[in-house]
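An overview of the molecular structure
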Amino acid sequence: MVDGFKLHAGFFDRAAQETLVGAVRLCLRDAPLYTPAMPRSGKEFSVRMSNAGPLGWVSDREGGYRYQPHHPATGRPWPPIPDLLLQAWEALSGYRAPPEACLINWYGPGARMGLHRDSDEQARDAPVLSVSLGDTAVFRIGGAEKGAKTGSLRLNSGDVAILDGAARESRHGVDRILPGTSTLLDTPGRINLTLRRVTIP
Ligand code: SIN
Ligand code: FE2
């Protein structure tokens, strides 16, 4: 596996996962899921997104990939990052400052995410912390360069993955979701919560 990649399998127990799902639903009531689009082509993502925190990651045809303090459709500020997530960052990140963005990725059973690097943050010395809830994902990760060898592993509900060091610069994505592998959500699918520090503290 890539240096700096760490998997904390089952970090959140079932009760904590349920608390998190409740907190995410509250966020989504305030900041509804929307369908992002690729820069230039305008091709829609299969994953729907929202955010929590002072900054949220968004993408659309005209503006491209970026962080902004408000929801692209409602214009309202993003809701605060749920406490349990801030605590997980504190416990696992080893970073000197709190996260500023919590990207909420909602994967329906057919959704996937192509290989990409997380490169829109200034604070590249901060790890990325990623929480999986609901159906299992087949996660792929490799080197920083296009065409580098990749490997895959499963991310299950309650797992926390950390991308630090070389893994922070790695290309990664989600090949597919395995429907019916979790009873956490009342519909097939997966929620991924990605915590990132954006600005240099
Ligand atoms: C991402 O890289 O933005 C999402 C990864 C995941 O869904 O596990
Ligand atoms: Fe990513």
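Presented here is a report on the structure given in the accompanying data block. The numbering scheme is per chain: residues are counted from 1 as the chain's sequence reads. To read the labels, note that chains go from A and ligands from 1, taken in the order they are written. Given that this is a predicted model, residues contribute local features only at a pLDDT of at least 70 and side-chain atom pairs are listed and counted only at 80 or more, while totals for whole chains, interfaces and linings are drawn from all residues. Neither water nor hydrogens contribute to the side-chain values; these are computed over all heavy atoms in the structure.

**Concerning the coordination of the iron ion (ligand 2)**
Distances from the iron ion (ligand 2) to its protein donors, His116 (NE2), Asp118 (OD) and His172 (NE2), fall at 2.1 to 2.2 Å. For the iron ion (ligand 2), the 4 donor atoms in the first shell make angles of 89 to 176 degrees at the metal, a pattern classed as irregular. A 1.4 Å probe rolled over the protein chains alone gives each residue an accessible area, and that area as a share of the maximum for its type sets the label: buried under 20%, exposed over 50%, partly exposed in between. Of the residues examined, His172 reaches a relative accessible area of 7% and is grouped as buried. Counted as donors are the N, O and S atoms within 2.8 Å of the metal, or 3.2 Å for Na, K and Ca, while water is not among the atoms, so some sites may look incomplete. The geometry test gives tetrahedral to four donors whose angles all lie between 85 and 135 degrees, gives square planar to four donors and octahedral to six donors whose opposite members are over 155 degrees apart with all other angles between 65 and 115, and gives irregular to the rest.

**Quick word on the environment of Ser132**
Position of Ser132 relative to the elements: it lies in strand β7 (residues 128-134). What makes Ser132 buried here is its relative accessible area of 2%. C-alpha of Ser132 to C-alpha of Arg48: the two residues are 84 residues apart in sequence and 15 Å apart in space. Contacts: residue pairs with any heavy atoms within 4.5 Å of one another. Residues contacting Ser132, with those up to four places away along its chain left out, are Leu155, Asn156, Ser157, Gly158, Asp159, Arg190 and Ile191. Runs of H or I in DSSP of at least four residues are treated as helices and runs of E of at least two as strands, each being numbered from the N terminus.

**Topic: the sheet that holds β7**
Pairing is antiparallel across the open sheet formed by 6 strands, whose spatial order is β1-β10-β7-β12-β5-β2. A strand with exactly one partner marks an edge of an open sheet, and here the two such strands are β1 (5-8) and β2 (48-52). For this sheet, the mean inter-axis angle between neighbouring strands, taken without regard to orientation, is 20 degrees. Judged from the 4 bridges that link them, β7 and strand β10 (residues 160-163) form a sheet pairing that is antiparallel. The residue of β10 that forms the bridge with Ser130 is Ala161. Between the N-to-C directions of two axes lies an angle of 0 to 180 degrees, each axis being a line fitted to C-alpha atoms and, for a helix, fitted only over the stretch in contact. Strand contacts of helix α1 (residues 14-30): β2, β5 (101-107), β7 and β12 (190-196), with the helix running at about 100 degrees to β7, the strand carrying the most contacts. For two strands to pair, DSSP has to find at least two bridges joining them.

**A short note on the sheet that holds strand β6 (residues 113-116)**
Across the sheet, which stays open at both edges, the 4 strands sit in the order β6-β11-β8-β9 with antiparallel pairing between neighbours. The two strands at the open ends of the sheet, each matched to only one other strand, are β6 and β9 (150-155). Looking at each pair of strands side by side, their axes are set apart by 25 degrees on average, direction ignored. Where strand β8 (residues 136-142) and strand β11 (residues 172-178) come together, 6 bridges link them in antiparallel fashion. Directly across from Arg140, in β11, lies its bridge partner Gly173.

**Some remarks on the site of ligand 1**
In the neighbourhood of ligand 1, the contacting residues comprise Asn105, Tyr107, Met113, His116, Ser130, Phe139, Leu155, His172, Val174, Arg190, Asn192 and Arg196. Contacts to ligand 1 include His116, whose side-chain N or O atom sits 3.1 Å from an oxygen atom. Whenever two N or O atoms come within 3.5 Å, that pair is a polar contact, provided that in protein one can donate a hydrogen and the other can accept it, and provided that, for residues adjacent in sequence, both atoms are side-chain atoms. The contact in question runs from an oxygen atom of ligand 1 to an N or O atom on the side chain of Asn192, over 3.3 Å. Areas reported as accessible are Shrake-Rupley estimates using a 1.4 Å probe. Residue values count occlusion only from the protein chains shown. Protein burial of ligand 1: of its 260 Å² of free accessible surface, 97% is covered by the chains. If you list the elements that add at least two residues to the shell around ligand 1, you get β5, β6, β11 and β12. Per element, the largest residue contribution to the shell around ligand 1 is 3 residues, and it comes from β12. For this classification, the nonpolar set comprises Ala, Val, Leu, Ile, Met, Phe, Trp, Tyr, Cys and Pro, the charged set comprises Asp, Glu, Lys and Arg, and every other residue, Gly included, is treated as polar. A class-by-class count of the residues in the shell around ligand 1 yields 5 nonpolar, 5 polar and 2 charged. In this text, near means that some heavy atom of the residue lies within 4 Å of the molecule or strand in question.

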